[in-house]
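Here is how the chains run, residue by residue.
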Amino acid sequence: MKSLLSGLRFFFTVCLCAMMMFVSVVSSASAQAVVKDKPMTNEASEVAKEYERTAKDTIDKGGLQSLEEVRDRSKGGAINEVQGTAGFYNMKRPSNTDAKSIEQQIEEGLDNAGEAPAKLSSEAKKAAKDAEKTAKKTAKQAERAAKKAMNSMND
């Protein structure tokens, strides 16, 4: 019996070790598959690579040499002389966003504040009409109940 238990114990130990190795290999393989699909966190974006390329070109030339060259580099909405137009279309500006300016938000708030009493009075009128309807309904129900009570007393 003892030899059977030791053989069974050995078999379970081997199975457990094999399963642990399999699980560790599968989890690391799946983690590598996920990482390959996503760019590295420290990897530069295409826009950053473009910035770097234009800056290196300028440095390799020994910097901007003349005022005309500076003007040429800054034409067409360039960000600055070294960077040029690299990443210009990725920048957030009022012309390419739906954001409201502070002035627009204040004007909308003031317009809403000016309309608030009119809205409040129309809501108050509506509430008064609803209350009147409910009161009439309740009065009719009370009148019917009173008639029923009178009829039951007369019978």
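Residues numbered from 1 in each chain as written. Predicted model: local features only at pLDDT ≥ 70, side-chain atom pairs only at ≥ 80, totals over all residues. Heavy atoms only, no water.

**Q** Please set out the overall build of the protein chain residue by residue, giving values where relevant.
**A** In terms of regular secondary structure, the protein chain is built from 4 helices and 0 strands. Mapped from its N terminus to its C terminus, the protein chain presents α and β elements in the order α-α-α-α. Counting every position in the protein chain, which comprises 155 residues, the buried fraction comes to 6%. Considering only contacts within the protein chain whose residues lie at least 6 apart along the sequence, 32% involve residues at least 24 apart. Accessible surface computed for the protein chain: about 13600 Å², of which carbon and sulfur atoms make up 62%. (Helix = DSSP H or I, 4+ residues; strand = E, 2+ residues; numbered from the N terminus. Buried < 20%, exposed > 50% of the residue type's maximum accessible area, 1.4 Å probe, protein only. Contact = heavy atoms within 4.5 Å. Areas by Shrake-Rupley, 256 points an atom, 1.4 Å probe, with all protein chains shown as cover.)

**Q** Explain the packing of aromatic side chains residue by residue, including any values.
**A** Tallied over the full model, the rule gives 1 aromatic pair. Geometrically, the ring pair formed by F11 and F12 is tilted, given 6.0 Å between the ring centres and 55° between the ring planes. (Phe/Tyr/Trp six-rings, centres within 6.5 Å; stacked < 30°, edge-to-face > 60°.)

**Q** I'd like a rundown of the pattern of salt bridges, residues and numbers included.
**A** Counted by the stated rule, this structure contains 4 salt bridges. Residues E52 and K56 are paired through a salt bridge, measuring 3.1 Å at the closest nitrogen-oxygen approach. With E52 and K56 both in helix α2 (residues 46-60), this residue pair falls 4 residues apart, about one helical turn. E108 is the salt-bridge partner of K100, the closest N and O atoms lying 3.1 Å from each other. Classification of K100 as partly exposed rests on a relative accessible area of 45%. (Salt bridge = Lys/Arg side-chain N within 4 Å of Asp/Glu carboxyl O.)

**Q** Kindly report on a positive patch on the surface, identifying the contributing residues and their values.
**A** On the surface, a cluster of positive charge is made up of K125, K129, K133 and K137. Looking at where K133 falls in the secondary structure, it is placed in helix α4 (residues 102-154). (Patch = residues over 30% accessible without salt bridge, like charges linked within 9 Å, V, L, I, M, F, W, Y side chains within 5 Å. Lys, Arg positive; Asp, Glu negative; His and termini not counted. Charge placed at Lys NZ, Arg CZ, Asp CG, Glu CD.)

**Q** Give me the lowdown on a nonpolar patch on the surface, citing residues and values where you can.
**A** Residues M1, L4, L5, L8, F11 and F12 make up a contiguous nonpolar surface patch of about 700 Å² in total accessible area. Its location among the elements puts L5 in helix α1 (residues 2-37).

**Q** Please provide a residue-by-residue account of a negative patch on the surface, values included.
**A** Together, E103, E107, D111 and E115 make up a negatively charged patch on the protein surface. Looking at where E103 falls in the secondary structure, it is placed in helix α4. Exposure remark for E103: the relative accessible area of 54% places this residue in the exposed category.

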